[in-house]
Amino acid sequence: MKHIVNLTVFFTSILLISGCDEIDPLKTPYKTSGTVIEVTGTQKVLIEDFTGFKCGNCPEAADKAKALSQSYPEKVILLAIHSGETFARPSGSKYKVDFRTSPGDELFNTFLGATGGQPNGMVNRATLGSSKIIAPDGWANEVANQLSKKAPASMEIVPTYNASTQELSVNVATTWIEEGNTDQYLSVYLSEDSIVYWQKDYRKTPEDDSAYVHMHMLRAAIGNFGTWGESLGMQNPGSKVSKTYTISFQGKPWKPEHCHVVAILHNKIEGSIVLVDEKKVKM
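Because the structure is a prediction, the values reported are computed rather than measured. (Residues numbered from 1 in each chain as written. Predicted model: local features only at pLDDT ≥ 70, side-chain atom pairs only at ≥ 80, totals over all residues. Heavy atoms only, no water.)

Caption draft 1: Examining the pattern of salt bridges more closely. Considering all chains together, one arrives at 14 salt bridges under this definition. Note that Arg 219 and Glu 192 form a salt bridge whose closest N and O atoms lie 2.8 Å from each other. Taken together, the positions of Arg 219 in strand β14 (residues 217-221) and Glu 192 in strand β11 (residues 184-192) put the pair 27 residues apart, joining distant regions of the chain. Summarising the burial analysis for this pair, Arg 219 and Glu 192 share the class buried. For Asp 209, the salt bridge is made with Lys 204, and the minimal N-O distance between the two is 2.6 Å. A relative accessible area of 13% places Asp 209 in the buried class. (Salt bridge = Lys/Arg side-chain N within 4 Å of Asp/Glu carboxyl O. Helix = DSSP H or I, 4+ residues; strand = E, 2+ residues; numbered from the N terminus. Buried < 20%, exposed > 50% of the residue type's maximum accessible area, 1.4 Å probe, protein only.)

Pasting the structure below:
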């Protein structure tokens, strides 16, 4: 089926509708100011969008994620994960480039599974029912829920790109507001915007769009700790841990001026995201 349910966002009534769920406007963590939703909570949210360039419904899901990031400025972070054999595997004369990555494959196989449909995603890797996977029409509701929470730590990301060596160095300093534990791991990812390449889009005729602009594409895990990162250990409130990671751009098609660093503090055992932030790479 080529059509997925549209999500309607009513800003003027401060009401978010996602599927059949409603959010009580008296309990929402935001207020409206024009078309911008001003968040009063301290948490940020990551939408991990499992996608693929041969997935004709995926551009509509990407538009929903983009709308949420625009509604919650600097609060909603996006990561497009090209993954799976069905929609992301290169084939034919158009879809030749493999945008899949090792961390993307691990995330896909761990959370969605080889038989999982796309588009689908996660919102701070929160569990709803028995799954962390949420369809695009449910993202808005869970984003609002996550933004109602208090961030248990703060994070400062400083990316430094050396054009001579083509190496990116990233320092991530995490300061705990509440007590941390040994299950909390820090993962650092590289994403890239403005990649013009083929994308199937069922809303268009013809369906294959050669000028589609791919945004927030997961490119790699930064450093030597891979998808799941490294443990930051048991931490008391007020504790600060600074870590530095590097990645080489040599021989890669990545354009540093279009890249962002996404740092995720997550519970490796339970899976949920504790804290997330993003920083643009400056030249």
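Caption draft 2: Main features of empty space enclosed by the protein. Throughout the structure, instances matching the rule amount to two cavities of 30 Å³ or more. Considered as a void within the structure, the largest cavity measures approximately 40 Å³ in volume. What lines the largest cavity is Leu 186, Ser 187, Val 188, Ala 221, Ile 222, Phe 225, Gly 226, Gly 229, Glu 230 and Tyr 245. Among the elements that line the lining of the largest cavity, the one with the most residues is β11, at three residues. (1 Å grid on protein atoms, 1.4 Å probe; cavity = no way out; pocket = protein on both sides within 12 Å on 5 of 7 lines; lining within 4 Å. Points joined across faces, edges and corners; volume = space filled by probe spheres on them.)

Caption draft 3: The state of the cysteines, seen in detail. The tally for this structure, following the rule as stated, stands at one disulfide. Shown here is the disulfide that connects Cys 55 with Cys 58, its sulfur atoms set 2.2 Å apart. Linking Cys 55 and Cys 58, the disulfide has an S-S dihedral of approximately 85° and is accordingly described as right-handed. By relative accessible area, Cys 55 is classed as buried at 1%. Looking at Cys 58, the relative accessible area reads 2%, which means it is buried. (Disulfide = S-S within 2.5 Å.)

Caption draft 4: Region of interest: the packing of aromatic side chains. Going through the model one piece at a time under the given rule, you end up with 10 aromatic pairs. Between the aromatic rings of Phe 53 and Tyr 95, the centroid separation amounts to 5.0 Å while the plane-to-plane angle is 55°, which identifies the pairing as tilted. Of the two residues, Phe 53 sits in the loop between β6 (45-51) and α1 (58-71) while Tyr 95 sits in the loop between β7 (76-82) and α2 (102-112), which places them 42 residues apart along the sequence. Accessibility expressed as a relative area gives 1% for Phe 53, which makes it buried. A relative accessible area of 6% means that Tyr 95 is categorised as buried. Put simply, the rings of Phe 53, Tyr 95, Phe 99, Tyr 197 and Trp 198 pair up and form one aromatic cluster. (Phe/Tyr/Trp six-rings, centres within 6.5 Å; stacked < 30°, edge-to-face > 60°.)

Caption draft 5: Spotlight on the sheet that holds strand β9 (residues 153-162). Taken in spatial order, the three strands line up as β9-β10-β16 in an open sheet, and their pairing is antiparallel. Both edges of this open sheet fall to β9 and β16 (240-248), since each of them pairs with a single strand only. Sheet twist, expressed as the mean angle between neighbouring strand axes with direction ignored, is 15°. With nine bridges joining them, strand β10 (residues 167-176) and β16 adopt antiparallel strand pairing. Opposite Glu 167, over in β16, you have Ser 248 as the bridge partner. (Pairing = 2+ DSSP bridges. Axes fitted to C-alpha atoms, helices over the stretch in contact; angles between N-to-C directions.)

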